[in-house]
Amino acid sequence: MIEKLNLTMLTDFYEITMANGYYCADMKDDIAYFDMFFRRIPDDGGYAIMAGLEQVLQYLDKLEFTDEDIEYLRSKKFFDERFLEYLKNFKFTCDVWAVPEGTPIFPYEPLITVRGPVMQAQFVETMILLLVNHQSLIATKASRIVRAAQGRPIMEFGTRRSHSTTAAIYGARASYIGGCAGTACTIADEEFGTPALGTMAHSWVQMFDNEYEAFKAYTKIYPTNATLLVDTYNVLKSGVPAAIKVFKELDPPNKGIRIDSGDIAYLTKKARKMLDDAGLEDCKIVISNSLDEYIIRDVLLEGACIDSFGVGERLITAKSEPVFGGVYKLSALEKDGEMIPKIKISENVEKITNPGFKTIWRLFDKDTDRALCDIIALDDEPAPSGDEYEIFDPNAVWKRKTITNFYAKNLREQVFKGGVKCYDSPSIGEIKKYCKEQLDLMWDEMKRFENPQTYYVDLSQKLWDLKHKMIEGNK
């Protein structure tokens, strides 16, 4: 989708005014580093999921100002004519590093770093945040819901409740990365290969004289996908009995019922008994109706008989916490070939940034391959190694722990070099598989919905020293 559109002007207006300012101040070629990171995990969870990078790459690869864009800017009577002439031949020349999609991520880690002329590196802020914030939010929510289902498939059913067309399409993509089996959003399947799934609406049943006729017609047309919506009138008195009658008569190879209202635990237990008593043990039960991870967890604890779930508005809008608080901050400049770290200081500790050009190392246990911690380090530092490595809480340095028997993996890859894309995005299926594999390397304690164990994200000693030297120097 995004590769078909010129979205260069989808930006905060201040990005353009600052670009004009940099040009007029003769700073347009000054080299700057910007980090995209987030400060808090949605829903007070134990982890988030990186998503949206493929669309970021498509956006950066297509950056150009059209004649119409430049005429619009000229009409504002706000911009220097030399700046507008510069935009006519604009070419993205930055270097970009990023964490691959599907990776479990944590607060303050530099998920994307852009290095290049400050005009360019600053300008792309809005779209990077828009794309990564949205898809990471939905992928994270999907992952929570998928885990609550304990191996039962989750279908993303929220297209009609999403906040826009693009939110529906990219939300469906992100939900698949997070573990959903597929989506009701047809165009997402066409664009990305996220399997399109669905059953029938209540209107199909209402178009016939009775449920039996409606179910029979549908089953004849779709014998390999005969999932019948049984709650149009009365689930147990008419819906399930009509479905049983049709299934006994036609015996489709794949059969199921869907319940979209009522007391889920009670109705599914009763329906399961009715189906089993009729010899239809292979008939699946699908549930939808304003579900989230907490409802799914609770009805399963109550013994609900459910084979799969359709989850709509509370997934596609991340209703419980619909904002992923990613930010984009200056971290360094280059002057005469020398890097000059930059820091933002605030009375709010969580808003103090980490200076310099950085990377992320994830340490794994050699025996179990489980993730032990992440280290945010300056890019010129060697990988953590040796028999022992001491980590500490950056905000409470007396809390220390020694890591042994580990190996380190750099989480980031260069995706643009000199403005040229040097990274091929994996297929959506590969990203989903990678996401599951990486989550399996995380400890179960940090996957809890309530009070998850905090995953260690440390600063290297060199970075911590630099940060606190700069804080002290600005007092």
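Note that the structure is a prediction, hence the values are computed from the model and not measured. (Residues numbered from 1 in each chain as written. Predicted model: local features only at pLDDT ≥ 70, side-chain atom pairs only at ≥ 80, totals over all residues. Heavy atoms only, no water.)

Draft legend 1. Summary view of the overall build of the protein. When helices and strands are counted, the protein shows 16 helices and 21 strands. Each principal axis of the C-alpha distribution contributes one length, and for the protein these read about 80 × 60 × 35 Å. Contacts spanning at least 24 positions in sequence make up 74% of the contacts within the protein whose residues lie at least 6 apart. Taking the 59 positively charged and 73 negatively charged side chains of the protein as two groups, their mean positions are separated by 3 Å. (Helix = DSSP H or I, 4+ residues; strand = E, 2+ residues; numbered from the N terminus. Contact = heavy atoms within 4.5 Å. Lys, Arg positive; Asp, Glu negative; His and termini not counted. Charge placed at Lys NZ, Arg CZ, Asp CG, Glu CD.)

Draft legend 2. Just the nonpolar core, in detail. Counting residues in hydrophobic clusters, the biggest one holds 117 residues, and the most contacted among them are Ile112, Val124, Phe215, Ile257, Ile296 and Phe309. By residue number, the principal contributor to this core is helix H6 (residues 125-148), which donates eleven residues. Those residues in contact with valine 124 that lie beyond four places of it in its chain are Tyr59, Leu60, Leu63, Phe92, Val114 and Tyr328. By size, the runner-up hydrophobic cluster in this structure holds ten residues, among which are Leu363, Cys373, Ile375 and Ile403. (Core = buried A, V, L, I, M, F, W, Y, C linked by side-chain atoms within 4.5 Å. Buried < 20%, exposed > 50% of the residue type's maximum accessible area, 1.4 Å probe, protein only.)

Draft legend 3. Local environment of the pattern of salt bridges. One pass over the structure, following the stated rule, counts 35 salt bridges. Ionic pairing is found between lysine 335 and aspartate 30, a salt bridge with its closest N-O pair at 3.4 Å. Placement of lysine 335 in strand S12 (residues 326-335) and of aspartate 30 in the loop between helix H1 (13-24) and strand S1 (31-38) is noted, with a sequence separation of 305 residues between them. With relative accessibility at 38%, the residue lysine 335 sits in the partly exposed group. Put simply, lysine 273 and aspartate 277 hold a salt bridge, and the shortest N to O gap is 2.8 Å. (Salt bridge = Lys/Arg side-chain N within 4 Å of Asp/Glu carboxyl O.)

Draft legend 4. Region of the structure containing the side chain of aspartate 365. Following the sequence through the fold, aspartate 365 ends up in strand S14 (residues 358-365). Buried charge without a salt bridge: aspartate 365, with arginine 370 as the nearest opposite-charge side chain at an N-O distance of 8.9 Å. A distance of 2.8 Å separates a polar atom in the side chain of aspartate 365 from the backbone nitrogen of aspartate 367. Those residues in contact with aspartate 365 that sit more than four places away from it in its chain are Arg370, Leu372, Asn405 and Tyr407. (Polar contact = N/O pair within 3.5 Å; in protein donor to acceptor, adjacent residues only side chain to side chain.)

Draft legend 5. The arrangement of unusual backbone geometry in detail. The phi dihedral of aspartate 251 is positive, around 45°, even though this residue is not glycine. Turning to its location among the elements, aspartate 251 is positioned in the loop between helix H11 (235-250) and strand S9 (255-259).

Draft legend 6. The arrangement of a nonpolar patch on the surface in detail. A grouping of Phe13, Tyr72 and Phe78 is seen on the molecular surface, where their side chains present a nonpolar patch of about 310 Å² in accessible area. Structurally, tyrosine 72 can be placed in helix H3 (residues 67-75). (Patch = residues over 30% accessible without salt bridge, like charges linked within 9 Å, V, L, I, M, F, W, Y side chains within 5 Å. Areas by Shrake-Rupley, 256 points an atom, 1.4 Å probe, with all protein chains shown as cover.)

Draft legend 7. Region of the structure containing the packing of aromatic side chains. Counting across every chain of the model gives 24 aromatic pairs. Taken together, a centroid distance of 5.9 Å and an interplanar angle of 40° make the contact between tyrosine 170 and phenylalanine 192 tilted. Highlighted residues: tyrosine 170 in helix H7 (residues 165-177) and phenylalanine 192 in helix H8 (residues 186-192), separated in sequence by 22 residues. Across the pair, phenylalanine 192 and tyrosine 170 agree in class, each one buried. Aromatic ring contacts, followed pair by pair, group Phe13, Tyr23, Phe65, Phe78, Phe79, Phe83, Tyr86, Phe90 and Phe123 into a single cluster. Sitting above the plane of the phenylalanine 192 ring, arginine 173 keeps its charged end 5.7 Å from the centroid. (Phe/Tyr/Trp six-rings, centres within 6.5 Å; stacked < 30°, edge-to-face > 60°. Lys NZ or Arg CZ within 6 Å of the ring centre and 35° of its normal.)

Draft legend 8. Structural detail: the sheet that holds S1. Ordered by their spatial adjacency, seven strands build an open sheet running S13-S12-S1-S5-S3-S19-S20, and the pairing between neighbours is antiparallel. Edge positions in the sheet fall to strand S13 (338-341) and strand S20 (420-421), since each has one partner strand and no second. Bridge analysis of S1 against S12 gives eight bridges, and the strand direction is antiparallel. Bridging across to S12, phenylalanine 37 finds its partner in valine 327. Packing of helix H2 (residues 53-61) onto the sheet brings it into contact with strand S3 (95-98), strand S5 (112-117), strand S19 (413-417) and S20, and relative to S19 it is tilted by some 15°. (Pairing = 2+ DSSP bridges. Axes fitted to C-alpha atoms, helices over the stretch in contact; angles between N-to-C directions.)

Draft legend 9. Structural detail: the sheet that holds strand S8 (residues 226-229). As summarised here, the arrangement of the six strands in space is S7-S6-S11-S10-S9-S8, forming an open sheet in which the pairing is parallel. The open sheet is flanked by strand S7 (182-183) and S8, the only strands paired with a single partner. Examined bridge by bridge, strand S6 (residues 154-156) and strand S11 (residues 308-311) share three bridges and lie parallel to one another. Opposite methionine 155, over in S11, you have glycine 310 as the bridge partner.

Draft legend 10. Region of interest: the side chain of arginine 173. Mapped onto the elements of the fold, arginine 173 is located in helix H7. Given the relative accessible area of 1%, arginine 173 is considered buried. There is a polar contact of 2.9 Å between the side chain of arginine 173 and the side chain of glutamine 135. Dropping the residues within four chain positions of it, arginine 173 is found in contact with Gly52, Glu54, Gln55, Glu101, Gln135, Phe192, Thr194, Ile428 and Ile431.

Draft legend 11. Layout of the environment of lysine 467. Topologically, lysine 467 is positioned in helix H16 (residues 461-473). Judged by relative accessible area, lysine 467 falls into the buried class, the value being 12%. The spacing of lysine 467 and proline 355 is 112 residues in sequence and 6.3 Å in space, taken between C-alpha atoms. When sequence neighbours within four positions are dropped, the list of residues in contact with lysine 467 reads Ile343, Ile352, Thr353, Asn354, Pro355 and Leu459.

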